Amino acid sequence: MQPDRAYLDHAATTTLLPEAVDAWAQAASRVGNPSSLHSAGRAARRLVEESREAIADDLHVRPSEVIFTSGGTEADNLAVKGLVWAQPDRGRILCSAIEHHAVLDPVSWLGDQGCKVDWLTVDEFGRVDPETVRARLSDDVALCTVMWANNEVGTVQPIAEIARACEEAGVPFHTDAVQALGQLRVDGSLPGITSLALSGHKIGAPVGTGALVLRRDARIVPVTHGGGQERDVRSGTFDAPGIAALAVAVRHAVDHQALHAEEISALRDELISAILQVAPTAVVNGHVSERLPGNVHVSFPGCEGDTLLMLLDAAGVECSTGSACTAGVPEPSHVLEAMGVAPAVARGSLRFSLGRTSTQADIDRVVEVLPGVLDRASRASSPRVRRTR
Ligand code: PLP
């Protein structure tokens, strides 16, 4: 991050936490495979198990319920495929229409393999109605999956109610908590949660770290087969340095969540007001109150999101047109589509996401450069300019 630039894309990946880097470097400087029986191996294994205990404690689950993965995508894939495969007698999946592709794509893939997928609609604010979920639950449902908070528009779901409905119906429930951890209070012990995905690089640990919290009594079929690590659910050599860094980042995220949320939601609200002052026709997407503290998602009618993004980048502001994983793909956002945002409006959307290192100076920079950027972007997409291209 450069001092003269405003990095406002923390939902894509956030600043590394120095303590997590230290933990990683310390563990990486030591040799030893945690599965080896000699002293070096046992020391590495101890580090893995201590990290597991710390994460379990922070998320209110048992250590045996934490399965280390290479990130959120792998955790989501393991939960979705593994839980569905474990119940071949149940052929239906309930999935919210606004999931990240890490859930959406394995669910669609299972649909191609013969499962029946019921997409759960959302309202104009991006919320899933727990009563709609309840009405769709039955004993042929292998899995219900609804993300804790959305990565594009930041809408927070009524997870406790949805999980409870699933528990009452005896249906396994997975939630992708990748964006929620550190911004909201994430409790893995909520009744009805079968599995929960988290990702290290969204909370200050290195990319390539993550975990799936999986209830001990859940039936699951592994996606990767091999050395039998992680109770045979996820084979592969333990990444001891990454796991140690993840534990430090989770502890920091949980310990600082309340203060962090208070501080960045104040900056977020300031940014929203400033944008609306500069651009009165802009539309803030997502929920007014049930929204991630660090998320600002805005549509600027008459502008193209990609043009805005490039002009802002040139002016020293780094943000996103939506999910980083789909940026560059010229498809309309499935999230905005599901919320009923008109395609012409959706095209001019930007996500500013704030994080631990965001400051007032970042907001000031946006406010300073936005009027000029909007002026140039709207001229770039006006029909007269287009014809001369
Ligand atoms: N789920 C959500 C909600 C995300 O925002 C992301 C990343 O953007 C992922 C899953 C994927 O996580 P990872 O990058 O660790 O694979």
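Residues numbered from 1 in each chain as written. Predicted model: local features only at pLDDT ≥ 70, side-chain atom pairs only at ≥ 80, totals over all residues. Heavy atoms only, no water.

1. Some details on the sheet that holds strand 3 (residues 92-96)
Then comes step 1: Spatially, 2-8-7-6-5-3-4 is the arrangement adopted by the seven strands of the open sheet, whose pairing is mixed. Because the sheet does not close on itself, it has two edges, and the strands there are strand 2 (66-69) and strand 4 (116-120). Going across the sheet, the axis of each strand differs from the next one's by a mean of 20°, ignoring polarity.
Then comes step 2: As defined by bridge partners, strand 3 adjoins strand 5 (residues 141-145) across four bridges and the pair is classed as parallel. From the neighbouring strand, Cys95 faces strand 5, where its bridge partner is Thr145.
Then comes step 3: The sheet contacts of helix 3 (residues 72-85) involve strand 2, strand 3, strand 5, strand 6 (173-176), strand 7 (195-199) and strand 8 (210-214), and relative to strand 7 the element is tilted by about 160°. (Pairing = 2+ DSSP bridges. Helix = DSSP H or I, 4+ residues; strand = E, 2+ residues; numbered from the N terminus. Axes fitted to C-alpha atoms, helices over the stretch in contact; angles between N-to-C directions. Contact = heavy atoms within 4.5 Å.)

2. Here's the deal with the packing of aromatic side chains
Then comes step 1: Evaluated as defined, the whole model comprises one aromatic pair.
Then comes step 2: Both rings, one in Trp85 and one in Trp109, keep their centres 6.2 Å apart while their planes meet at 75°; by these two values the pair is edge-to-face. Here Trp85, found in helix 3, pairs with Trp109, found in helix 4 (residues 101-112); they are 24 residues apart in sequence, far enough to count as distant.
Then comes step 3: Since its relative accessible area comes to 33%, Trp85 is described here as partly exposed.
Then comes step 4: In this structure, Lys81 is placed above the aromatic ring of Trp109, and the distance from its NZ or CZ to the ring centre is 5.3 Å. (Phe/Tyr/Trp six-rings, centres within 6.5 Å; stacked < 30°, edge-to-face > 60°. Buried < 20%, exposed > 50% of the residue type's maximum accessible area, 1.4 Å probe, protein only. Lys NZ or Arg CZ within 6 Å of the ring centre and 35° of its normal.)

3. A few points about the side chain of Asp362
Then comes step 1: Position of Asp362 relative to the elements: it lies in helix 11 (residues 360-380).
Then comes step 2: Despite being buried, Asp362 has no salt bridge partner; Arg365 is the closest side chain of opposite charge, sitting 7.9 Å away.
Then comes step 3: Residues contacting Asp362, with those up to four places away along its chain left out, are Arg5, Ala6, Tyr7, Leu8 and Thr357. (Lys, Arg positive; Asp, Glu negative; His and termini not counted. Salt bridge = Lys/Arg side-chain N within 4 Å of Asp/Glu carboxyl O.)

4. Overview of the site of the ligand
Then comes step 1: In the neighbourhood of the ligand, 15 residues make up the surrounding shell, with Thr73, Asp176, Gln179, Ser199 and Lys202 lying closest.
Then comes step 2: Thr73 has a polar side-chain atom sitting 2.6 Å from an oxygen atom of the ligand.
Then comes step 3: Summarising the interface, the protein chains cover 90% of the accessible area of the ligand, which totals 400 Å² for the free molecule.
Then comes step 4: Among the elements that make up the shell around the ligand, the one with the highest residue count is helix 3 (three residues).
Then comes step 5: Partitioning the shell around the ligand into residue classes produces four nonpolar, eight polar and three charged. (Near = heavy atom within 4 Å. Polar contact = N/O pair within 3.5 Å; in protein donor to acceptor, adjacent residues only side chain to side chain. Areas by Shrake-Rupley, 256 points an atom, 1.4 Å probe, with all protein chains shown as cover. Nonpolar A, V, L, I, M, F, W, Y, C, P; charged D, E, K, R; others polar.)

5. Quick word on the environment of Trp24
Then comes step 1: Inspection of the secondary structure assignment puts Trp24 in helix 1 (residues 18-28).
Then comes step 2: For Trp24, a relative accessible area of 38% puts it in the partly exposed group.
Then comes step 3: Residues Trp24 and Gln87 lie 63 residues apart in sequence; the distance between their C-alpha atoms is 38 Å.

6. Notes on the domain arrangement of the protein
Then comes step 1: In terms of domains, the protein is made up of domain 1 (6-14 + 257-381) and domain 2 (18-255).
Then comes step 2: A straight line from the C-alpha centre of domain 1 to that of domain 2 covers 27 Å.
Then comes step 3: For the pair domain 1 and domain 2, the two sides together bury roughly 2,600 Å², of which 55% comes from carbon and sulfur.
Then comes step 4: When the area that domain 1 buries against domain 2 is broken down by residue, the three leading residues are Gln257, Leu292 and His334, summing to 26%.
Then comes step 5: Counting across the interface, domain 1 meets domain 2 through zero salt bridges.
Then comes step 6: At the boundary of domain 1 with domain 2, the tally comes to 16 residue pairs in polar contact (both at pLDDT 80 or more).
Then comes step 7: For the side of domain 1 that touches domain 2, the secondary structure elements donating two or more residues are helix 7 (240-278), strand 10 (295-299) and helix 9 (334-338).
Then comes step 8: A breakdown of the residues in the side of domain 1 that touches domain 2 according to their chemical character gives 11 nonpolar, 15 polar and four charged. (Domains from an automatic or database assignment. Buried area = accessible area lost by both parts, 1.4 Å probe.)

7. Points about the confidence of the model for the protein
Close reading of the predicted structure is inappropriate where its pLDDT is low.
Then comes step 1: Per-chain confidence: the protein averages 94 in pLDDT, with 95% of residues scoring 70 or above.
Then comes step 2: Counted against residues more than four places away or in other chains, residues 384-389, with its pLDDT under 50, gives seven contacts. (pLDDT = per-residue confidence, 0-100.)

8. Observations regarding the nonpolar core
Then comes step 1: Ranked by size, the top nonpolar core spans 56 residues in total, and within it Cys144, Trp148, Phe173, Leu198 and Leu246 carry the most contacts.
Then comes step 2: Counting residues per element, the ones that place at least two in this core are helix 2 (39-59), strand 2, strand 5, helix 6 (159-169), strand 7, strand 8, helix 7 and helix 9.
Then comes step 3: Formed jointly, this core draws a minimum of three residues from each of two domains, domain 1 (6-14 + 257-381) and domain 2 (18-255).
Then comes step 4: If we skip the residues at most four places from it in the chain, Leu198 touches Leu59, Gly71, Gly72, Val178, Leu181, Gly210, Ala211, Val213, Leu246 and Val250.
Then comes step 5: Counting residues in hydrophobic clusters, the runner-up holds 29 residues, among them Cys303, Val317, Phe352 and Ile363. (Core = buried A, V, L, I, M, F, W, Y, C linked by side-chain atoms within 4.5 Å.)

9. Concerning helix 11
Then comes step 1: With 21 residues, helix 11 ought to run about 30 Å at 1.5 Å a step, and its terminal C-alpha atoms sit 30 Å apart, in line with that.
Then comes step 2: Those residues of helix 11 that are buried are in contact with strand 1 (6-7), helix 7, helix 8 (305-314), strand 11 (317-318) and strand 12 (349-353). (Expected span 1.5 Å × (residues − 1).)

10. A few points about the pairing of strand 4
Then comes step 1: One ladder, built from five bridges, connects strand 3 with strand 4; its direction is parallel. Within the sheet, the bridge partner assigned to Leu94 lies in strand 4 and is Asp118.
Then comes step 2: Taking the sense of rotation as the criterion, the β-α-β connection linking strand 3, helix 4 and strand 4 turns out right-handed. (Right-handed = clockwise from strand over helix to strand, strands pointing away.)

11. A word on unusual backbone geometry
Then comes step 1: At His60, a position not held by glycine, the phi torsion is positive, near 60°.
Then comes step 2: Within the secondary structure, His60 is located in the loop between helix 2 and strand 2.
Then comes step 3: Phi angles above zero are rare outside glycine, and Glu230 is one such case at about 50°.
Then comes step 4: Among the secondary structure elements, Glu230 is positioned in the loop between strand 8 and helix 7.

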